[in-house]
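# Observations on the three-dimensional arrangement
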Amino acid sequence: METMTIFDLRSAYHTSLSNMRGWLLDNSLCRGLTQLDRLSILDAWQQEMVEFFERNGHCFACNRRLERCTCPKEPAC
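Okay, so let's go over this structure. Keep in mind it's a predicted model, so treat the numbers as computed, not measured.

## Points about helix H1 (residues 6-25)
- With 20 residues, H1 extends 28 Å between its outermost C-alpha atoms, agreeing within 8% with the 28 Å of an ideal straight helix rising 1.5 Å per residue.
- Here the buried face of H1 lies against helix H2 (27-30) and helix H3 (35-55).

If you want it as structure tokens, here you go:
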């Protein structure tokens, strides 16, 4: 499987973000969601984006290839 370029990843991110915004703003779909529910959904979506970037060899925070990333790493649980 060939990994995506950073340009492909950023394009996929922006498409996904646009879809997420549309979904969360659609009252017919999200009428019963509380603010906490919405924040939890966004948090889960962002974590999926982090993993998506990592699977494709890039850091979500700085967009560099993982081997060139200098972002602080979170300790494993």
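## A word on the layout of surface pockets
- The calculated volume of the largest pocket comes to roughly 370 Å³.
- As for the largest pocket, its lining consists of Gln47, Val50, Glu54, Cys59, Phe60, Ala61, Leu66, Cys69, Cys71, Pro72, Lys73 and Glu74.
- Class assignment of the residues belonging to the lining of the largest pocket gives a composition of eight nonpolar, one polar and three charged.

## Describing the pattern of salt bridges
- In this structure the tally under the stated criterion is one salt bridge.
- Its salt-bridge partner being Arg65, residue Glu67 comes within 3.4 Å of it at the nearest N-O pair.
- Residue class for Glu67 comes out exposed when judged on its relative accessible area of 61%.
- Given a relative accessible area of 31%, Arg65 falls into the partly exposed group.

## A short note on the environment of Thr34
- Position of Thr34 relative to the elements: it lies in the loop between H2 and H3.
- Sequence-wise, Thr34 and Asp8 are 26 residues apart; in three dimensions their C-alpha atoms are separated by 33 Å.

Criteria and thresholds
- Residues numbered from 1 in each chain as written.
- Predicted model: local features only at pLDDT ≥ 70, side-chain atom pairs only at ≥ 80, totals over all residues.
- Heavy atoms only, no water.
- Helix = DSSP H or I, 4+ residues; strand = E, 2+ residues; numbered from the N terminus.
- Expected span 1.5 Å × (residues − 1).
- Contact = heavy atoms within 4.5 Å.
- 1 Å grid on protein atoms, 1.4 Å probe; cavity = no way out; pocket = protein on both sides within 12 Å on 5 of 7 lines; lining within 4 Å.
- Points joined across faces, edges and corners; volume = space filled by probe spheres on them.
- Nonpolar A, V, L, I, M, F, W, Y, C, P; charged D, E, K, R; others polar.
- Salt bridge = Lys/Arg side-chain N within 4 Å of Asp/Glu carboxyl O.
- Buried < 20%, exposed > 50% of the residue type's maximum accessible area, 1.4 Å probe, protein only.

Purely geometric numbers; function is a separate question.
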